[in-house]
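Read off the chains here:
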Amino acid sequence: MSQLQEVSVDQYRHLVSERALTGETMLLNMGPQHPSTHGVLRLLLELDGETVISCIPDVGFLHTGVEKNMEAKTYQKAEVMTDRLDYMNTMGNNLAYVMAVEKLVDLDVPVRAQALRVILSELQRIASHLVWLGTSGLDLAAMSMFLYCFREREQILDIFELVSGQRMMTTYIRPGGVWRDVPVEFEKAVRDFIKIFPRRIDEYETLLTNNPLFLDRMLGIGKLDAATALSHSVTGPMLRASGVNWDLRKARPYMGYEQYDFNVPVHTEGDTYARYLVRVQELRESLKIVEQALNKLPLGPVRSDNRKFVPPPRSEIGTSMEALIHHFKLWTEGFPAPKASIYSAVESPRGELGVFLEGDGGPKPYRVHMRTPSFDNLSPLSKMVKGHLVADLVAILASTDIVLGDIDR
Amino acid sequence: MEAKLEPIVKALQAKFGGSFEEFRGEVHYFVQPAQIVEALTLLRDQHQFELLSAQTAVDYWPQTSPRFHVIYQLSSLAQNITFQLRVPVNGDSPTVPTAAGVFDSANWRERELLDMFGIQFEGHPDPRRILMPEDSDGHPLRKDYPLGYEEPQFTFNFEDIDLRKPYAKE
Amino acid sequence: MGVEQKLGNMGVVTTTLENVVNWGRTNAMWPMLFGLACCAIEMMSAQSSSYDMSRFGMELMRASPRQSDLMIVAGRVSRKMAPVLRRLYDQMPEPKWVIAMGDCASCGGVFNNYAILQGVDEVVPVDVYVAGCPPRPEALIHGVMTLYEKVKADKFVPTQEK
Ligand code: SF4
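The structure reproduced in this document is the subject of the present report. (Residues numbered from 1 in each chain as written. Chains lettered and ligands numbered in written order. Predicted model: local features only at pLDDT ≥ 70, side-chain atom pairs only at ≥ 80, totals over all residues. Heavy atoms only, no water.)

1. Some points on the sheet that holds strand E1 (residues 26–30) of chain A
Residues and elements named next belong to chain A.
Part 1 of the reasoning: Sheet architecture is open: three strands sit in the order E1-E2-E3, paired in antiparallel fashion. Every other strand in the sheet has two partners, leaving E1 and strand E3 (51–58) as the edge strands with one partner each. Strand-to-strand, the axes of this sheet are offset by a mean angle of 25 degrees, without reference to chain direction.
Part 2 of the reasoning: Note: strand E2 (residues 42–48) against E3, seven bridges, orientation antiparallel. When the bridges of E3 are listed, Arg 42 appears paired with Asp 58.
Part 3 of the reasoning: Each of E1, E2 and E3 touches helix H17 (residues 390–400); the most contacted strand, E2, lies at about 145 degrees to it. (Pairing = 2+ DSSP bridges. Helix = DSSP H or I, 4+ residues; strand = E, 2+ residues; numbered from the N terminus. Axes fitted to C-alpha atoms, helices over the stretch in contact; angles between N-to-C directions. Contact = heavy atoms within 4.5 Å.)

Pasting the structure below:
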């Protein structure tokens, strides 16, 4: 176990202002255990009274060694690690990783599986935004938001449990399709959700959007202009709140996103309120996609029948020797992937979730790198908080919607 | 190769020489460490690559020259294309000039590479570890760093492992 | 024929000090807000409207270790976080209890590698382990109930060995 260390201001000399060295300003430690840092993030703040002069984020308190651990597992088994990276977006992480594997080994996915993936990852986007809305409401003293948002989130988790048996860590999306077809109750469960959810969004908006107390805390706080955002590789709702219309679902459609009609909300102010608006509007857009995908959910298989990569269904194993051999081979050895590297990205609720995958001809990935959006979305924090009060820092941090598991990997 | 990528590869070849690879429509272009800052600036200013999507590295140990490839994954929003630059780096004292002056996001990414691979970035404004504790040694993502695997406990070896476990005191 | 029967209608009950104190401890146990990873989200669910842990006197999540008597370690503990965790534990006033929520906190879970502690019992003594990745909110509540049983059986004077 490493030890807690004494640090001196000298170590941060290049990051703080001159005045900190003379003791004129105060250095304050915030976190890693702090209710409003959304996980184990540590911030070192230089304060002049209440005003933040500089802010040094310190991450890594949740460093999990996922990338190294994935190298020791086969392509299929490494997938369970991806759920646990960005734990608000488990389906989306599965999708990103699985798409990378499919691109590396050149595997096709049946249309029904594609549509199911879209429905589930959009539901996941809604769930993720709900957690964000609830917890950032909590940070701004709107406690009831938390209770409302988690109520709706439960409904989505119930759908996930219905299809996969697990509430959060589903690992439902698998290379070549999905684990198994959805049960018959699936459609009704999703329809119920589609029916009640628009009213619930209205409810949230009545509570927050024009609430003067909320506006006071959000308007004009934590501005981020488009050029800085791009240079910091900020993506997702944060980038769209700064006026850049960039959404991978539109720009490079995957999984048949081009068939669905939806808008990409863009705001130009770049402050915390704009980020709030973008996310709340995305809730409605995601719901639109879910509805369209459900309406034209095609019938057919949900897994590719390429037995070199996809294990046969359980029912076949009892009757076919060949199926048994494939099953055995795939789960003990895994499938080989070419000696090459690819990069594939999807739009997660937080931005561009990219997977860099390099194979070495064997059944285990030689190198996996997850390009996680929170890592980059946090990096301009010190620029955004400069000159604001400590209380605003909480609002700004909440508006970045970071997930520490996503940053530290 | 995609038509939009051709002029970019031509421009890079004219300026730096070097070779490229292609796989499933993605182009990986190799440049030397000394050229990387110039290449990134060229791509950003003249070919509209506004976004450094990812920056990572691969360790090809036990091969030593080059041992690492530092990878720069660029995206262009205006043209909607991606492009990859690869920089081969040798194993003994791996050093690359920093890209933090070109893209701000390279600052943290290079700290991560320093932490995980031990690649030094010359001229980096803030060369500290980012993910691992400051006092740890070694660079976990190098291939010669052990995974740190702990044996799972089964009935037959439960006692042995339990004795070895450092249980905490009150 | 206890004294309760004679005095019952006068509003007086007799019991042992142990029982009263343990009853008090179990009915207002304040957990520390110590979310680390994915399990923390399930811990939040357990607090939210559907599961409502406040039914068991736990609606107050304290952000400060000085005000809490239960530490729910919800999530994986990295080697960088471990000393922080230990310091927070040391800051909690006696008596204190620890629940290791989830596989990671109990034994390292799926992460058997250099970065994650293989069980938080390497740094703090654990009273109850809750299995699951993540445990359902019901499982967490069951873990808390199990802890209550343990607290209720607490003896103030160590039983003398004969
Ligand atoms: S036990 Fe599972 S859900 Fe909990 S922190 Fe570990 S990986 Fe996450």
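Read on, since the account is not over.
2. Section: the environment of Leu 42 of chain B
Part 1 of the reasoning: Along the polypeptide, Leu 42 of chain B turns up in helix H2 (residues 36–46).
Part 2 of the reasoning: Not counting residues up to four positions away in its chain, the partners in contact with Leu 42 of chain B are Leu 12, Phe 16 and His 47 of chain B.

3. Focus on the interface of chain A and chain B
Part 1 of the reasoning: Between chain A and chain B, the contact holds 51 residues from the first and 51 residues from the second.
Part 2 of the reasoning: Where chain A abuts chain B, roughly 4100 Å² becomes buried across the two surfaces, and 55% of that area is made up of carbon and sulfur atoms.
Part 3 of the reasoning: Considering only the side of chain A, the residues that lose the most area to chain B are Lys 68, Tyr 366 and Phe 375 of chain A, jointly responsible for 16% of the buried surface there.
Part 4 of the reasoning: At the junction of chain A and chain B, the tally comes to seven salt bridges.
Part 5 of the reasoning: Its salt-bridge partner being Lys 383 of chain A, residue Asp 104 of chain B comes within 3.1 Å of it at the nearest N-O pair. (Buried area = accessible area lost by both parts, 1.4 Å probe. Salt bridge = Lys/Arg side-chain N within 4 Å of Asp/Glu carboxyl O.)

4. Section: the side chain of Arg 153 of chain A
Part 1 of the reasoning: Along the polypeptide, Arg 153 of chain A turns up in helix H6 (residues 143–164).
Part 2 of the reasoning: For the buried residue Arg 153 of chain A, which engages in no salt bridge, the nearest side chain bearing the opposite charge is Glu 42 of chain C, 4.7 Å off.
Part 3 of the reasoning: Beyond its immediate stretch of four places on either side in the chain, Arg 153 of chain A contacts Ala 127, Leu 130, Val 131 and Met 168 of chain A together with Ile 41 and Ser 45 of chain C. (Buried < 20%, exposed > 50% of the residue type's maximum accessible area, 1.4 Å probe, protein only. Lys, Arg positive; Asp, Glu negative; His and termini not counted.)

5. Looking at helix H3 (residues 106–117) of chain B
Part 1 of the reasoning: The end-to-end C-alpha distance of H3 of chain B, which contains twelve residues, comes to 15 Å, matching closely the 16 Å that a straight helix rising 1.5 Å per residue would cover.
Part 2 of the reasoning: Among the twelve residues that make up H3 of chain B, twelve are buried, leaving the element largely enclosed by the rest of the structure.
Part 3 of the reasoning: Every buried residue of H3 of chain B is listed here: Ala 106, Asn 107, Trp 108, Arg 109, Glu 110, Arg 111, Glu 112, Leu 113, Leu 114, Asp 115, Met 116 and Phe 117 of chain B.
Part 4 of the reasoning: Close packing links the buried residues of H3 of chain B with E3, strand E8 (365–371) and helix H15 (373–378) of chain A together with strand E3 (51–59), strand E4 (68–76) and strand E7 (120–122) of chain B.
Part 5 of the reasoning: Once H3 of chain B ends, the next one or two residues include Gly 118 of chain B, with phi positive near 70 degrees. (Expected span 1.5 Å × (residues − 1).)

6. Remarks on H2 of chain B
Residues and elements named next belong to chain B.
Part 1 of the reasoning: Restricting attention to buried positions, one finds in H2 the residues Ile 36, Ala 39, Leu 40, Leu 42 and Leu 43. Within H2, the buried residues cover an arc of 160 degrees as seen down the axis, which keeps them to one side.
Part 2 of the reasoning: Next to the buried residues of H2 lie helix H1 (6–16), E4, strand E5 (81–89) and strand E6 (95–97).
Part 3 of the reasoning: Of the residues one or two after H2, Gln 48 is the one with positive phi, at around 60 degrees. (Arc of directions from axis to C-beta.)

7. Things to note about the site of the ligand
Part 1 of the reasoning: Around the ligand sit 14 residues in total, of which Cys 38, Cys 39, Asp 103, Cys 104 and Cys 133 of chain C are the nearest.
Part 2 of the reasoning: Each of chains A and C places residues next to the ligand.
Part 3 of the reasoning: For the shell around the ligand, the secondary structure elements donating two or more residues are helix H3 (38–47) and helix H5 (102–107) of chain C.
Part 4 of the reasoning: Tallied by class, the residues present in the shell around the ligand amount to eight nonpolar, three polar and three charged. (Near = heavy atom within 4 Å. Nonpolar A, V, L, I, M, F, W, Y, C, P; charged D, E, K, R; others polar.)

8. Notes on the sheet that holds strand E2 (residues 70–74) of chain C
Residues and elements named next belong to chain C.
Part 1 of the reasoning: The strand order across the open sheet formed by four strands is E1-E2-E3-E4, and the pairing between neighbours is parallel. Across the chains shown, the open sheet's two edge strands, defined by having one partner strand only, are strand E1 (31–32) and strand E4 (128–130).
Part 2 of the reasoning: Running over the sheet, H3 touches E2 and strand E3 (97–101) and is turned about 125 degrees from E2.
Part 3 of the reasoning: Most of the contacts of helix H4 (residues 82–91) go to E2, to which it runs at about 165 degrees, and overall it touches E1, E2 and E3.

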